[in-house]
Amino acid sequence: HLEHMYVDNAAMQLISNPKKFDVILTTNMFGDILSDIAATLTGSLGMLPSASLGEQHNGKMYALYEPVHGSAPDIAGKNIANPIAMILSFAMMLEISLNRKQDADNIRKSIQNVLSENFRTSDISSSKSNIVSTSEMGDLIIKKLSDEL
């Protein structure tokens, strides 16, 4: 159901009752704030894909897909960034703009399988994790994807 909220209330509700939300539609500024708040629910900005949806033309959705964290210039080139948000953003593009839901589902399943084997980048690791680099995580996801196809 549709519910209108002020952004401060939405932030509080997002933290206290995240299952209440399926889609949040807001301006870019408030969306940026709320998406950073939502990162606390997943443990890292590196896990959150995003889409800025435009208009639909000739049956195609025009949109910008990117990780919530943007380009993360502070860790660029260090091979420590979590690539999952970018990969999930690509999966969203496949599903929403290119109508390739099965391909998107396959990517999401591959990510889940890698995570279920306890591979983690440092931002989401625990003492029991197999810590991997950005490129290693990407390679693991690609391998799982090719194994499943």
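Note that the structure is predicted; figures quoted are calculated from it, not measured.

## Considerations on the overall build of the protein
- Secondary structure assignment for the protein yields five helices and four strands.
- Along the protein, helices and strands appear, N-terminal first, in the series α-α-β-β-α-α-β-β-α.
- For 149 residues, the compact-globule estimate of 2.2 N^0.38 gives 15 Å, and the C-alpha radius of gyration of the protein, at 16 Å, lies within 12% of that figure.
- Its C-alpha atoms give the protein principal-axis dimensions of about 40 × 40 × 30 Å.
- By residue count, 30% of the 149 residues in the protein fall in the buried class.
- Here the contacts in the protein between residues at least 6 apart in sequence split such that 45% fall between residues at least 24 apart.
- For the protein, the computed accessible surface area is about 9,800 Å², with 57% contributed by carbon and sulfur atoms.
- Measuring between centres, the 12 positive side-chain charges of the protein sit 7 Å from its 17 negative side-chain charges.

## Let's talk about the pairing of strand β1 (residues 49–57)
- Sheet analysis places β1 next to strand β2 (residues 60–67), joined by seven bridges and oriented antiparallel. Following the sheet pairing, Gln-56 is matched in β2 by Met-61.
- Connecting β1 to the antiparallel partner β2 that follows it, the hairpin turn spans two residues, and Asn-58 within it adopts a positive phi of roughly 50°.

## Let's talk about helix α2 (residues 28–42)
- Taking 1.5 Å per residue as the helical rise, α2 with its 15 residues ought to reach 21 Å, and the 21 Å between its terminal C-alpha atoms agrees with that figure.
- Turning to α2, its buried residues are Leu-34, Ser-35, Ala-38 and Ala-39. An end-on view of α2 places all buried positions within 165° of arc, on one side of the element. Exposed residues lying more than 90 degrees from the buried face of α2 are Met-29 and Thr-40.
- Buried residues along α2 sit against α1 (7–16).
- Where α2 terminates, the next one or two residues include Gly-43, which has phi positive at roughly 95°.

## Some points on α1
- Along α1, the residues classified as buried are Ala-10, Ala-11, Gln-13 and Leu-14.
- Close packing links the buried residues of α1 with α2.

## Side note on a nonpolar patch on the surface
- A contiguous nonpolar patch, built from Met-29, Phe-30 and Ile-33 and spanning about 280 Å² of accessible area, is present on the exposed surface.
- You can call Phe-30 partly exposed: its relative accessible area is 30%.

## Brief notes about the packing of helix α4 (residues 101–116) against helix α5 (residues 134–148)
- Relative to each other, α4 and α5 sit at 120°, their axes nearing to 8 Å. Judged by the angle between their axes, α4 and α5 are oblique. Once α4 is placed against α5, the crossing between them reads as right-handed. Across the interface between the two elements, Asn-106, Ile-107, Lys-109, Ser-110, Ile-111, Asn-113, Val-114 and Leu-115 of α4 pack against Met-137, Leu-140, Ile-141, Lys-144, Leu-145 and Glu-148 of α5.
- For the contact of α4 with α5, the residue count by class is eight nonpolar, three polar and three charged.

## Let's talk about the nonpolar core
- If you look at the biggest cluster of nonpolar residues, it comprises 14 residues, and the most contacted ones within it are Met-47, Ile-84, Ile-107, Ile-111, Leu-115, Met-137 and Ile-141.
- At the level of secondary structure, the elements contributing two or more residues to this core comprise α3 (84–96), α4 and α5.
- With five residues, the top contributor of residues to this core is α4.

What counts, and at which threshold
Residues numbered from 1 in each chain as written. Predicted model: local features only at pLDDT ≥ 70, side-chain atom pairs only at ≥ 80, totals over all residues. Heavy atoms only, no water. Helix = DSSP H or I, 4+ residues; strand = E, 2+ residues; numbered from the N terminus. Rg over C-alpha atoms; globule rule 2.2 N^0.38 Å. Buried < 20%, exposed > 50% of the residue type's maximum accessible area, 1.4 Å probe, protein only. Contact = heavy atoms within 4.5 Å. Areas by Shrake-Rupley, 256 points an atom, 1.4 Å probe, with all protein chains shown as cover. Lys, Arg positive; Asp, Glu negative; His and termini not counted. Charge placed at Lys NZ, Arg CZ, Asp CG, Glu CD. Pairing = 2+ DSSP bridges. Expected span 1.5 Å × (residues − 1). Arc of directions from axis to C-beta. Patch = residues over 30% accessible without salt bridge, like charges linked within 9 Å, V, L, I, M, F, W, Y side chains within 5 Å. Salt bridge = Lys/Arg side-chain N within 4 Å of Asp/Glu carboxyl O. Axes fitted to C-alpha atoms, helices over the stretch in contact; angles between N-to-C directions. Parallel < 35°, antiparallel > 145°, perpendicular 65-115°, else oblique. Left-handed = near helix turned anticlockwise from the far one by under 90°. Nonpolar A, V, L, I, M, F, W, Y, C, P; charged D, E, K, R; others polar. Core = buried A, V, L, I, M, F, W, Y, C linked by side-chain atoms within 4.5 Å.

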